[in-house]
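Architecture at a glance
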There are 2 protein chains.
Amino acid sequence: MKERHSYREGLTLEEAVACVTDITEPVRDVEWVKLSDCLGRILAQDMEAQFDNPPFDRSPVDGYACRAADTKGADRNHPVLLKVVEEIDAGQYSEREIRPGEAVRIMTGAAIPAGCDCCLRQESTNYGESTVEIYEEVSVHDNYCDRGEDFKAGTQMMKAGEKLGYIETGNLAGMGCEKVPVYRRPRIALITTGDEVTLPGTPLLPGRIYNSNRFLLEARLKELGCEAMWVESTGDDAMKVAEQVKRAADRGADLILTTGGVSVGKKDILHEALPLLGAVKLFWRVRLKPGTPTICSLYHGIPVISLSGNPFGAITNLELLVRPMLARLTNDPSLQVQVVSGIMESSFPKESRGRRFIRAIYGGGKVCLPDGLHSSGVLSSMKGCNCLVDIAPGTKALAPGDQVRVWLL
Amino acid sequence: MKERHSYREGLTLEEAVACVTDITEPVRDVEWVKLSDCLGRILAQDMEAQFDNPPFDRSPVDGYACRAADTKGADRNHPVLLKVVEEIDAGQYSEREIRPGEAVRIMTGAAIPAGCDCCLRQESTNYGESTVEIYEEVSVHDNYCDRGEDFKAGTQMMKAGEKLGYIETGNLAGMGCEKVPVYRRPRIALITTGDEVTLPGTPLLPGRIYNSNRFLLEARLKELGCEAMWVESTGDDAMKVAEQVKRAADRGADLILTTGGVSVGKKDILHEALPLLGAVKLFWRVRLKPGTPTICSLYHGIPVISLSGNPFGAITNLELLVRPMLARLTNDPSLQVQVVSGIMESSFPKESRGRRFIRAIYGGGKVCLPDGLHSSGVLSSMKGCNCLVDIAPGTKALAPGDQVRVWLL
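Residues numbered from 1 in each chain as written. Chains lettered and ligands numbered in written order. Predicted model: local features only at pLDDT ≥ 70, side-chain atom pairs only at ≥ 80, totals over all residues. Heavy atoms only, no water.

**Points about the overall build of chain A**
Our working rule: Secondary structure elements follow DSSP: runs of H or I no shorter than four residues count as helices, runs of E no shorter than two count as strands, and numbering proceeds from the N terminus. With the radius of gyration taken over C-alpha atoms, the globule rule is written as 2.2 Å times the number of residues to the power 0.38. Relative accessible area decides the class of each residue, using a 1.4 Å probe on protein chains only: under 20% of the type maximum gives buried, over 50% gives exposed, and in between gives partly exposed. Here a residue-residue contact requires only that any non-hydrogen atoms of the pair lie within 4.5 Å. In these tables, accessible area is a Shrake-Rupley quantity obtained with a 1.4 Å probe, and a residue counts as shielded only by the protein chains included in the view. All tallies of charge rest on Lys and Arg as positive and Asp and Glu as negative; His and the ends of each chain are not included. Note on charges: their place is set at NZ of Lys, CZ of Arg, CG of Asp or CD of Glu.
When helices and strands are counted, chain A shows six helices and 23 strands. The C-alpha radius of gyration computed for chain A amounts to 32 Å, which surpasses the reference 22 Å derived for 409 residues by more than 25%, pointing to a less compact arrangement than a globule. For chain A, the C-alpha atoms occupy an extent of roughly 100 × 50 × 45 Å along the three principal directions. Expressed as a percentage of its 409 residues, the buried residues of chain A come to 57%. Taking the contacts inside chain A whose residues are at least 6 apart along the sequence as the reference set, 68% of them involve residues at least 24 apart. Summed over its atoms, the accessible surface of chain A is roughly 16600 Å², and 47% of this surface lies on carbon and sulfur atoms. Distance between charge centroids for chain A: 11 Å, based on 48 positive and 55 negative side chains.

Have a look at this one:
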């Protein structure tokens, strides 16, 4: 946190994003992970090649290495005869210097010995063992891969902050790296609340629903590469929620997410739980639908984002508010939601007095709305959706052909 | 395998893909995984909702539920007084039927009791405990969410073959699924060979290079969601390679990948290892560069794809030949490489007598070539590349403005 924040209510989304970004410090702890575990991680140091790769000139063919000058005029009718002084397989290395009139039998990937300046495919020879007939004239550097053709000692191969994909992993292997310095993954805790929510696999009592938020958000965090380390569910009990938040903090959480209990009802117990902990509330209510009553607070310097209990409210605010935090925590800017322009192909007849985000399907610049209800409590109609349409305050309705801002999920 | 295959050499890529697809059977074994582990898996059964969700009419607001008729004419100056007969929090359920002149205090998400046909926000009342003053006239179904608004019993929510993302995970949770039937992941073995390759972390002896294929391919399989269960490296020893292939088969591998030893040299030991096992060779050599000498064989009915030892040859053939197999094994057609059209922005001056694939960067319909060498043994220049340009046989050169087929990685 760069400065003390005063409490605010009813922020714009942009103000809320600025606030949560400001209180989120990138994780700078470095850990060395095994090369086979580095995929998707963010590199914490610049990586410089320590040697030329390959560390020797090598043959790209199975055949013979020799001096190009010795092959002058060779063809099937006028073979050149060379003395085969050695055989070098891939993985072997010869200190011997090859003289004029000599050749070595050489396999793909093997180190070309000193004195040779070209290689011949075996198909251009009689495959001789002690002497070999050469049927082709070749030039200096024909079939010849230079030492360092992949990379040279001292080359900066990767920079701190790069995300490691399969190509980087392969390159790090080629550089001989057994372990890779990467930023520690952020430790994220997810605490869902609500007396009405029941874990799947448990019988559903009257008045109850199953806890979709827990699994929805847990899966989304995982999909974004930010697996929650700690996932808990509690009833509407301020003490229990406070206890879970404290335990997450004690375990070193970098970010604590809660769902439910943030509105104005008697059971909106986050308003009670956060003061119980002595957490500093930074804002409540963001001027957008769904998920208006989001609370942002700091507990011992750890950001706590308390999301709506409505699944669509929770997931939308995860995308809009929490992803900028994840991008910062992980040092991975690609976690920021991308915003593009799109043309509506469906109607949305409802008036939006305030700013509203609705679920939609984006493809090739066009935006369709899914079948099913847009209600915050409805998750089923999100199936197939890959974006949120950002509807400006005061919009009467959206009609086909309207240009809209689209947040890609 | 649908029919007996005869051995072929020098197939086109399309013939090779048809062959490998033909010998690859989709994994149909079903396993039930915990909901929190289902992300990215392929659903093995249709999923039908067993109950309405929510299973009751519910309030989307904190306030009061009553009969709309009772609020007729109410405003701040003419409040209607109702008797508060009960309080219902989320998670509670009342059997009581509400009569005219009565109201219940109700919280967001709570079940609306019989007799009520609307809810009022508490801001439109005096928050009364035993009686409440109503300041707003509301209509039937105002602030009222119907039972089953998310989904109704009997709705087919998902079909077998769908890939489970975060939304599906959330929906399965809402449906009360504790475990989910998904297809078993294919068991893939990866065996890299070569006397010249050394594991990172080991000192590099003269003539040796580090094993990039192992980590490159392992990471790529993981990135595609097809983690290799079994990764081994051997030297150029046909018996040892044969032993590893046999062990992978004994462990139930669905697909065995090897790298190296497939060309025409003395140490191209796959030609020896496969017959040692009694494997049936289906093809050798595909008419494309890089990675021409790929071998396809069947060992006890298990496809064995033996890729080039050159990193670019290995990874290109993984994309072109093995991905169609992965798509089939996993029941996930999205693993197929997508082919699009692009316009070259760079030159590629080299003549392509046969079909050639080169690494490139695709974006917005345009194709750029990376800096660095295109040699098969060079991996470093793949950094930033996200596609392969498919160059037709007999192409003299590619120039800016040329239209090309692009395989997106």
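Text resumes after the structure shown.
**Concerning the pairing of strand β18 (residues 302-307) of chain B**
Residue and element names in this part refer to chain B. Under the convention used in this document: At least two DSSP bridges between two strands are required for those strands to pair.
Of all six residues in β18, six are buried; the element is thus mostly enclosed. Here β18 shows a buried face lined by Ile-302, Val-304 and Ser-306 and a second buried face lined by Pro-303, Ile-305 and Leu-307. Examined bridge by bridge, strand β17 (residues 295-299) and β18 share five bridges and lie antiparallel to one another. Its bridge partner lying in β18, Ile-295 is registered against Ser-306. Here β17 folds back onto β18, and the loop between the two strands holds two residues, one of which, His-300, carries a positive phi near 50°.

**Points about the confidence of the model for chain A**
Definition in use: Every residue is assigned a pLDDT by the predictor, reflecting its confidence on a scale from 0 to 100.
Considering every residue of chain A, the mean pLDDT works out to 96; 99% of them sit at 70 or more. This prediction of the complex comes with two scores: 0.95 for pTM and 0.94 for ipTM.

**Examining helix α3 (residues 212-223) of chain A**
Residues and elements named next belong to chain A. The line we're drawing: Take the number of residues in a helix, subtract one, and multiply by 1.5 Å to get its expected span. We call two N or O atoms a polar contact when they sit within 3.5 Å, provided that within protein one can donate a hydrogen and the other can accept it, with sequence-adjacent residues counted only if both atoms are side-chain atoms.
Taking 1.5 Å of rise per residue, the twelve residues of α3 would be expected to cover 16 Å, and the 16 Å separating its terminal C-alpha atoms lies within 8% of that figure. Most of α3 sits inside the fold, with ten of its twelve residues counted as buried. Within α3 the residues assigned to the buried category are Ser-212, Asn-213, Arg-214, Phe-215, Leu-216, Leu-217, Glu-218, Ala-219, Arg-220 and Leu-221. Where α3 begins, the side chain of Asn-211 points an oxygen toward the backbone nitrogen of Asn-213, at a separation of 3.4 Å. Immediately downstream of α3, the backbone of Gly-225 shows phi near 80°, a positive value.

**Digging into the interface of chain A and chain B**
Selection criterion: Computed with a 1.4 Å rolling probe, the buried area is the accessible surface lost when two parts are put together, summed over both parts. Salt bridges are defined by distance alone: a side-chain nitrogen of Lys or Arg within 4 Å of a carboxyl oxygen of Asp or Glu. Three residue categories are used. Nonpolar comprises Ala, Val, Leu, Ile, Met, Phe, Trp, Tyr, Cys and Pro, charged comprises Asp, Glu, Lys and Arg, and polar comprises the others, including Gly.
In this complex, chain A contributes 78 residues to the contact, which on the side of chain B involves 78 residues. Of all residues in chain A, Tyr166(A), Lys266(A) and Lys383(A) bury the most surface against chain B, accounting for 12% of the area lost on that side. At the junction of chain A and chain B, the tally comes to nine salt bridges. Taken together, chain A and chain B are joined by 28 residue pairs in polar contact (both at pLDDT 80 or more). Looking at the side of chain A that touches chain B, the elements with two or more residues in it are β9 (156-158), α2 (166-174), β13 (209-210), α3 and α6 (311-330) of chain A. A class-by-class count of the residues in the side of chain A that touches chain B yields 33 nonpolar, 20 polar and 25 charged.

**Regarding the sheet that holds strand β20 (residues 356-363) of chain B**
Residues and elements named next belong to chain B. Note the following rule: Simply put, an axis is a line fit to the C-alpha atoms, just over the touching stretch for a helix, and the angle between two N-to-C directions goes from 0 to 180 degrees.
Reading around the barrel, the five strands line up as β19-β21-β20-β22-β23 and close back on themselves, with mixed pairing between neighbours. In this sheet, adjacent strand axes meet at a mean angle of 55° when their direction is disregarded. Sheet topology note: the strand β19 (residues 338-344)/strand β23 (residues 403-408) ladder contains six bridges and is antiparallel. Paired with Gln-338 across the bridge in β23 is Leu-408. Of the strands in this sheet, β20, β22 (387-391) and β23 touch helix α6 (residues 311-330), which is tilted by about 80° from β20.

**Side note on the relation of the copies chain A and chain B**
Quick note on the threshold: Alignment of copies: least-squares fit on C-alpha atoms of residues with pLDDT of at least 70 in both copies.
For the pair chain A and chain B, the relating rotation is 180°, the translation along its axis is 0.0 Å, and the fit reaches an RMSD of 0.0 Å. The superposition operator between the copies reduces to a two-fold rotation axis. Nearest to the rotation axis, the C-alpha of Gly364(A) is located 5.7 Å from it, this being the minimum over chain A. Comparing contact sets, 100% of the residues at the interface of chain A also lie at the interface in chain B, consistent with an isologous, same-surface contact.

**A word on the packing of aromatic side chains**
Operational definition: Stacked, tilted and edge-to-face are the three classes assigned to paired rings of Phe, Tyr and Trp, where Trp is represented by its six-membered ring and a pair needs centres within 6.5 Å; plane angles under 30 degrees give stacked, over 60 edge-to-face, the rest tilted. Here, over-ring charges are defined by two tests on the NZ atom of lysine or the CZ atom of arginine: distance to the ring centre within 6 Å, and angle to the ring normal within 35 degrees.
Taken as a whole and assessed by the stated rule, the structure comprises six aromatic pairs over all chains. Both rings, one in Tyr210(A) and one in Phe51(B), keep their centres 5.8 Å apart while their planes meet at 50°; by these two values the pair is tilted. Pair noted here: Tyr210(A) is in strand β13 and Phe51(B) is in the loop between β3 (47-48) and β4 (63-66), and the two residues belong to different chains. Of the two residues examined, Tyr210(A) and Phe51(B), each falls in the buried class. Aromatic pair Phe51(B) and Phe151(B): ring centres 6.0 Å apart, planes at 55°, arrangement tilted. Taken as a pair, Phe51(B) in the loop between β3 and β4 and Phe151(B) in the loop between β8 (131-134) and β9 (156-158) lie far apart in primary sequence, 100 residues in all. With respect to class, Phe51(B) is no different from Phe151(B); both count as buried. Members of the aromatic cluster, connected to one another through ring pairs, are Phe51(A), Phe151(A) and Tyr210(B). Positioned above the aromatic ring of Tyr166(B), the side-chain terminus of Arg220(A) is 4.3 Å from the ring centre.

**Some thoughts on the pairing of strand β23 (residues 403-408) of chain A**
Here strand β22 (residues 387-391) of chain A runs beside β23(A); their pairing, made up of four bridges, is antiparallel. In the sheet register, Cys387(A) faces β23(A), and the bridge partner there is Leu408(A).

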